[in-house]
Amino acid sequence: MKPILLDGRTGEGGGQLVRLAVGLSALTTRPIKITNVRGNRPGDRGGGLKSQHVTAIEFLASVTDAQTEGLAVGSNTLTFIPRLPPTSLPQRQFNISASSGAASTLLILQTIFPFLLYAAGDPIQLSISGGTNAAWSLSFEYLDQILLPTLEERFGVKVGREMKTRGWSLGKQSRGEVLITVHPIQKGEKLRFIPPTPRSYPESFVVTSVDVSIATPAFTHEILQTALVENLGQLYPDAEVHFKTLEDSGDPARVYILLVAHSASNIRWGRDILTSLPKRMNSPDTILKQYASKVCRDLDQEVTLAGEVDEFLQDQLICFQALAEGYSSFLRLDRPMSEEYLSESSSAWNSLTHGNEEVRKDRGDEPFGYGELHAQTARWVVAEMLPEVEFYRKGTIVKGAAVTF
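Residues numbered from 1 in each chain as written. Predicted model: local features only at pLDDT ≥ 70, side-chain atom pairs only at ≥ 80, totals over all residues. Heavy atoms only, no water.

With an unreviewed UniProt entry as reference, the protein is termed RNA 3'-terminal phosphate cyclase domain-containing protein, source organism Sarocladium strictum.

Novice: In this structure, what is going on with the side chain of S137? I would like to understand it.
Specialist: Its place among the elements puts S137 in the loop between strand 6 (124-130) and helix 4 (140-155). The class for S137 is buried, based on a relative accessible area of 18%. In this structure the side chain of S137 is engaged in a polar contact, spanning 2.6 Å, whose partner is the side chain of S104. Excluding anything up to four places from it in sequence, S137 contacts S104, L106 and L107. (Helix = DSSP H or I, 4+ residues; strand = E, 2+ residues; numbered from the N terminus. Buried < 20%, exposed > 50% of the residue type's maximum accessible area, 1.4 Å probe, protein only. Polar contact = N/O pair within 3.5 Å; in protein donor to acceptor, adjacent residues only side chain to side chain. Contact = heavy atoms within 4.5 Å.)

Novice: Help me understand the pattern of salt bridges, please; the structure alone is not making it clear to me.
Specialist: Once their charged atoms are close, side chains differing in charge can pair, the charge on each being opposite to the other. The tally for this structure, following the rule as stated, stands at 17 salt bridges. Salt-bridge contacts for R393 lead to E344; the nearest nitrogen and oxygen are separated by 4.0 Å. Taken together, the residues span a long stretch of sequence, with R393 in the loop between strand 14 (390-392) and strand 15 (397-399) and E344 in helix 8 (residues 339-353) at a distance of 49 residues. Classification of R393 by relative accessible area gives partly exposed; the value is 22%. Here K361 makes a salt bridge to E390, at a shortest N to O gap of 3.3 Å. You can see K361 sitting in the loop between helix 8 and helix 9 (373-385) and its partner E390 sitting in strand 14, a full 29 residues away along the chain. For K361, a relative accessible area of 47% translates into the label partly exposed. What emerges from the salt-bridge pattern is a single network uniting R271, E302, E311, R332 and E372. (Salt bridge = Lys/Arg side-chain N within 4 Å of Asp/Glu carboxyl O.)

Novice: Sorry, what's going on with the nonpolar core here?
Specialist: The nonpolar side chains of soluble globular proteins are, as a tendency, buried together. Counting residues in each nonpolar core, the largest one holds 94 residues, and the members touching the most others are L126 and L191. With nine residues, the single largest contributor to this core is helix 3 (residues 105-117). With residues near it in sequence (within four places) discarded, L191 still touches L117, Y118, F155, V157, I185, F320, L323, A324 and E325. Counting 35 residues, the second-largest nonpolar core is a separate cluster that includes A227, V303, L331 and L333. (Core = buried A, V, L, I, M, F, W, Y, C linked by side-chain atoms within 4.5 Å.)

Novice: Mind showing me how you'd approach the side chain of Q316 here?
Specialist: As for its position among the elements, Q316 is in helix 7 (residues 311-323). At 2.9 Å, the side chain of Q316 and the backbone oxygen of F312 are in polar contact. Filtering out sequence-adjacent residues up to four positions away, Q316 remains in contact with Q110, L138, Y142 and L147.

Novice: Where do I start with the sheet that holds strand 11 (residues 255-263) in this structure?
Specialist: Neighbouring strands of a sheet are bound in pairs by backbone hydrogen bonds; such pairs are parallel or else antiparallel. With respect to topology, four strands assemble into an open sheet ordered 10-9-11-12, the strand pairing being mixed. Each edge of the sheet is formed by a strand with only one pairing partner; in this case those strands are strand 10 (240-248) and strand 12 (268-275). Each adjacent strand pair in this sheet contributes to an overall mean axis angle of 10°, direction not counted. (Pairing = 2+ DSSP bridges. Axes fitted to C-alpha atoms, helices over the stretch in contact; angles between N-to-C directions.)

Novice: Even after reading the chapter, I still don't get unusual backbone geometry, so can you show me in this structure?
Specialist: What is expected of a backbone is that most residues other than glycine have negative phi and most peptide bonds are trans. The omega torsion across Y201 and P202 is 5°, close enough to zero to call that bond cis. For N36, which is not glycine, the phi torsion reads 50° and is therefore positive. Along the chain, N36 turns up in the loop between strand 2 (32-35) and helix 2 (51-64). Its identity is not glycine, yet R393 carries a phi of approximately 50°, on the positive side.

Novice: Could you clarify how one ought to interpret helix 6 (residues 284-305) in this entry?
Specialist: Residues three or four positions apart in an α-helix share a direction because the helix packs 3.6 residues into each turn. For helix 6, with 22 residues, the first-to-last C-alpha span of 33 Å sits near the 32 Å given by 1.5 Å per residue. Regarding helix 6, the residues found buried are I287, L288, Y291, A292, S293, V295, C296, D298, L299, E302, V303 and L305. Here the buried face of helix 6 lies against strand 9 (207-216), helix 5 (221-235), strand 11, strand 12 and helix 7. Taken from the residues just after helix 6, A306 is the one with a positive phi, measuring 55°. (Expected span 1.5 Å × (residues − 1).)

Novice: Whenever I open this one, the environment of M1 confuses me. Can you help?
Specialist: In this fold, M1 is placed in the segment before strand 1 (4-7). Here M1 falls in the exposed class, since its relative accessible area comes to 76%. Residues in contact with M1, not counting those within four places in the same chain, are R30 and P31.

Pasting the structure below:
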C-alpha cells in the first residue's frame, strides 16, 4: 500500500498527531509518512521526534516487523510501514525504557495502547520507565483516576496499573516506573460503547465531591490543604473533599496537584498544575495559595461548561470511539451546556441509532469540531487513518469502524 501522507504541522501540530497516527498505523497495518514532524513546536520545545516518540515507535516497529525511515530523535520526517497485526504479538511481558528519564511513560503508553488492546490472548504486562509527572503530558494520577475508569465504564476496557516510583521532568534528574496490565480484546470481539443513563440539566452536572492528589515538598502540605479546602468550599459548598494522595516530592522544584470533581451522574472533570516553587520566596504561603486558587479556578471553568468530559479526556477518547462498533458520544462544547442543546443532541442520537440518514456528516479533511485544537486534530488524524469512521454534530457523535481481528 502507498503510505498515507500526513503533514505534521496540521492542527495542533505536535506530538499528539504523531502518537495517534503511528498507533493507528500499527494497529491497522496501514503505512504512513509524516512530514514536518511536530512542526508547530517552535523554540525550546523544538520540532522533530522526541525521546518518548522514538521509544514508543521503536517498540511498535519491533512487534509489527515494521520498516522505518527517520526513526531518530530530532527527525522531521518519519515513514512507518508495519507488516504484522496485533494478534501476532510474540510475547506477553515487555520492559520499555525511554532514553531520557524525563520522557513521559504515559505518552509512551498512549501510543502503543491501541495495538496492545487488540492483541488477543492473555493479559499483557508492561514495565515502562521514564517520567510519571512530565510537562505537556497527562500524569499517572490522571490516567488512574480519570482516563482508565472512563474507558472501563464506557467501553469495558480493563487495565491494571501501579506506579512503582515517581519520575519528574522538573528538579534534579529522576526516573520513574509504571506497571501496566492490559487485558486485550479477544479474537472476533469488538469495542462497544456503553451509554450513560440519561442526564438532566443542570441536576446531573452538580459537583458532589472533589478528589485531591498532592505531590509537593512536605512543608507545603498543610498550607495547600487549607487553601484548597477553602477555595473548593466557596465553589462547591455541598461537595465533599477527599485527599487521595499526600506525598513529599522531596524537591522545591517539584509541585504537582490534581483535582478531580465528580458529579451526581458520575461525570469526572480534572484539572492539575505541574510547576516549581520560586528559588527565592519572600512568602511561601502567598505563592502556594496562588497555586491552589489557580487550579481551583481552572477546574471550575471546566465544570461550568457542563460537558460530559474535560478538555484533556475529550481528545484521548476519540481514538476509542473510532475503533468501536456503532455510535458513541461524549459531549463537550466550547460554551456552557444548555438544556436545549442536550435535548437536540439526544434527538440526533436517537435519529442516527435508528437509521435516520438526515443528520449531516461532518467533513474530515481538516481539523474540525467542538473542543480544543487537540480534539479537532485527533478527529482529522482518525479521518485520514480510518476513513470508515463517521462524525456528526461537530464531532460530538462518532460512528466507529468496528475494528476486529
